[in-house]
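Breakdown of the fold
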Amino acid sequence: MTKCSNCDSEWSLGDVWTVGFSTTGKECPNCRKKQYISAKTKKWLTLGWVSLAFVIIFPFIIKLSNKDESIL
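Rules behind the numbers
Residues numbered from 1 in each chain as written. Predicted model: local features only at pLDDT ≥ 70, side-chain atom pairs only at ≥ 80, totals over all residues. Heavy atoms only, no water. Helix = DSSP H or I, 4+ residues; strand = E, 2+ residues; numbered from the N terminus. Buried < 20%, exposed > 50% of the residue type's maximum accessible area, 1.4 Å probe, protein only. Contact = heavy atoms within 4.5 Å. Disulfide = S-S within 2.5 Å. Pairing = 2+ DSSP bridges. Axes fitted to C-alpha atoms, helices over the stretch in contact; angles between N-to-C directions. Salt bridge = Lys/Arg side-chain N within 4 Å of Asp/Glu carboxyl O.

The protein goes by CXXC-20-CXXC protein in an unreviewed UniProt entry, where it is assigned to Priestia aryabhattai.

Secondary structure assignment for the protein yields 3 helices and 3 strands. When the elements of the protein are put in sequence order from the N terminus, they spell out α-β-β-α-α-β. Within the span of the protein, comprising 72 residues, buried residues form 31% of the whole. In the protein, the proportion of contacts linking residues at least 24 apart, taken out of those at least 6 apart, comes to 54%.

It is worth spelling out the state of the cysteines at this point. Counted by the stated rule, this structure contains 0 disulfides. For the unlinked cysteine Cys31, the closest cysteine sulfur is that of Cys28, found at 3.8 Å. The exposure class of Cys31 is partly exposed, given its relative accessible area of 28%.

Turning our eyes to something else, we now look at the sheet that holds strand E2 (residues 34–37). Across the sheet, which stays open at both edges, the 3 strands sit in the order E1-E2-E3 with antiparallel pairing between neighbours. Either end of the sheet is taken by a strand with one partner, and the two such strands are strand E1 (26–27) and strand E3 (64–65). In the packing of helix H1 (residues 13–20) onto the sheet, the strands contacted are E1, E2 and E3, and the crossing angle to E2 comes to about 65°.

Another aspect to go through is the pattern of salt bridges. The final tally for this structure, using the stated rule, is 1 salt bridge. We note a salt bridge from Lys26 to Asp15, for which the minimum N-O separation is 3.6 Å. Within this pair, whereas Lys26 is found in strand E1, its partner Asp15 is found in helix H1, the two being separated by 11 residues in sequence. Residue class for Asp15 comes out buried when judged on its relative accessible area of 16%.

The next subject is the pairing of E2. Inspection of the sheet shows E1 paired to E2 by 2 bridges, in the antiparallel sense. Along E2, the bridge assignment pairs Lys26 with Gln35. Counting the residues between successive antiparallel strands, the hairpin from E1 to E2 contains 6 residues, one of them, Arg32, with a positive phi of roughly 65°. The pairing of E2 with E3 spans 2 bridges and is classified as antiparallel.

What follows is the structure, given as structure tokens:
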């Protein structure tokens, strides 16, 4: 499951989905440090993989970052 890049606490499924669809990041429920989807994960998500398998594995593949990274 996805972990905070600052305090390494495991995120709940709901928090992962929230940050996954947020353009402004989300605070870690444990340390309150703002987390964003990493550039590597953004690149992977832009491949357009939309299927039931994607929905199931999404919370396990997302990586977080302490800063808002561009995919370019």
